[in-house]
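A closer look at the structure
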Amino acid sequence: MDINFTKIFKIISLSLLIALFWALPAITNGAELSWQAIKNSPSSKNVVLAFILDTEGEKINALAGEISLLSSGWELVSVSDANSFINFWIERPFVGLDKKRVKFSGITPGGYLGKALILELELKPSVTGISYPDISVNNFSALINDGQGTAATVKTIGLIVTD
């Protein structure tokens, strides 16, 4: 029996190329979590940070996480979910007793597709002359609205500075 290795190589190469073509969107897509200073608070030197999720083409129906303030020169004053895309909070965002942490989890039945606000944090500087606060997002997860509880890939972009 005569085996044509060139033909087999071409078939395998074409199959791998097709598989890569179909898998590439799953590899490159992923939700993005970012935050930005959206305004100074009505109260003096306080800053309001908006935490935003861009679903990047995935329909997201649940999320959870913890935001920690690492900077010693800042204190969490309040948290607001007033304009959030989350419809039902399992654990409504609240400022922890140490005034350095906010924990939350919530759902949106049917899912959400697009870029939207999760929550806003109001921060108060405890010392003068400091720069932007150092924020850490821990245990952040988002679930795709596929009926399977599939975890979405989420990239943390961090602080976006705009003028």
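Here, every reference points to the structure presented above.
My aim in this report is to walk through the structure given alongside it, one point at a time. Just so you know, these numbers come straight off a predicted model, no measurement behind them.

Here the focus is the sheet that holds strand β5 (residues 88–95). An order of β5-β6-β3-β8 is seen for the four strands of this open sheet, with the pairing classed as antiparallel. Where the open sheet ends on each side, the last strands, each with one partner, are β5 and β8 (135–144). Averaged over all neighbouring strand pairs, the angle between strand axes comes to 15 degrees, with direction disregarded. Where β5 and strand β6 (residues 101–112) come together, five bridges link them in antiparallel fashion. By the bridge assignment for β6, phenylalanine 94 is matched with lysine 103.

Along the chain, arginine 92 falls in strand β5. Judged by relative accessible area, which is 51%, arginine 92 ranks as exposed. Put simply, arginine 92 and lysine 103 are eleven residues apart on the chain and 7.9 Å apart in space, counted from C-alpha to C-alpha. Leave out the neighbours within four places in its chain, and arginine 92 touches Asp81 and Lys103. Reaching out from arginine 92, the side chain makes a polar contact with the side chain of aspartate 81 at a distance of 2.7 Å.

Turning our attention to the pattern of salt bridges. All chains considered together, the criterion is met by three salt bridges. We note a salt bridge from lysine 155 to glutamate 32, for which the minimum N-O separation is 3.7 Å. With lysine 155 in strand β9 (residues 154–159) and glutamate 32 in strand β1 (residues 31–40), this pair connects stretches of sequence that are 123 residues apart. Residue classification places lysine 155 among the partly exposed positions, given a relative accessible area of 34%. For arginine 101, the salt bridge is made with aspartate 98, and the minimal N-O distance between the two is 2.9 Å. For arginine 101, a relative accessible area of 37% puts it in the partly exposed group.

Once that is clear, we can look at the environment of glycine 158. As for its position among the elements, glycine 158 is in strand β9. Overall, glycine 158 belongs to the buried group, its relative accessible area being 9%. As for glycine 158 and leucine 33, which are separated by 125 residues in sequence, their C-alpha atoms are 7.0 Å apart. Residues contacting glycine 158, with those up to four places away along its chain left out, are Leu33, Ser34 and Trp35.

Looking now at the side chain of aspartate 81. In this fold, aspartate 81 is placed in the loop between β4 (74–80) and β5. Excluding residues within four positions of it along the chain, aspartate 81 makes contact with Trp89, Arg92 and Pro93.

Ranked by internal contacts, the top residues of the largest apolar core, which has 29 residues, are Phe51, Leu53, Leu63, Ile67, Phe104, Ile118 and Phe140. Elements supplying a minimum of two residues to this core: β1, β2 (47–54), β3 (60–69), β4, β6, β7 (115–125) and β8. Every residue in contact with isoleucine 118, bar those within four places of it in the chain, is listed here: Leu33, Phe51, Ile52, Leu53, Leu63, Ser84, Phe85, Trp89, Phe104 and Phe140.

Analysis parameters
- Residues numbered from 1 in each chain as written.
- Predicted model: local features only at pLDDT ≥ 70, side-chain atom pairs only at ≥ 80, totals over all residues.
- Heavy atoms only, no water.
- Pairing = 2+ DSSP bridges.
- Helix = DSSP H or I, 4+ residues; strand = E, 2+ residues; numbered from the N terminus.
- Axes fitted to C-alpha atoms, helices over the stretch in contact; angles between N-to-C directions.
- Buried < 20%, exposed > 50% of the residue type's maximum accessible area, 1.4 Å probe, protein only.
- Contact = heavy atoms within 4.5 Å.
- Polar contact = N/O pair within 3.5 Å; in protein donor to acceptor, adjacent residues only side chain to side chain.
- Salt bridge = Lys/Arg side-chain N within 4 Å of Asp/Glu carboxyl O.
- Core = buried A, V, L, I, M, F, W, Y, C linked by side-chain atoms within 4.5 Å.

Remember that the coordinates give geometry; whether it matters functionally is a separate question.
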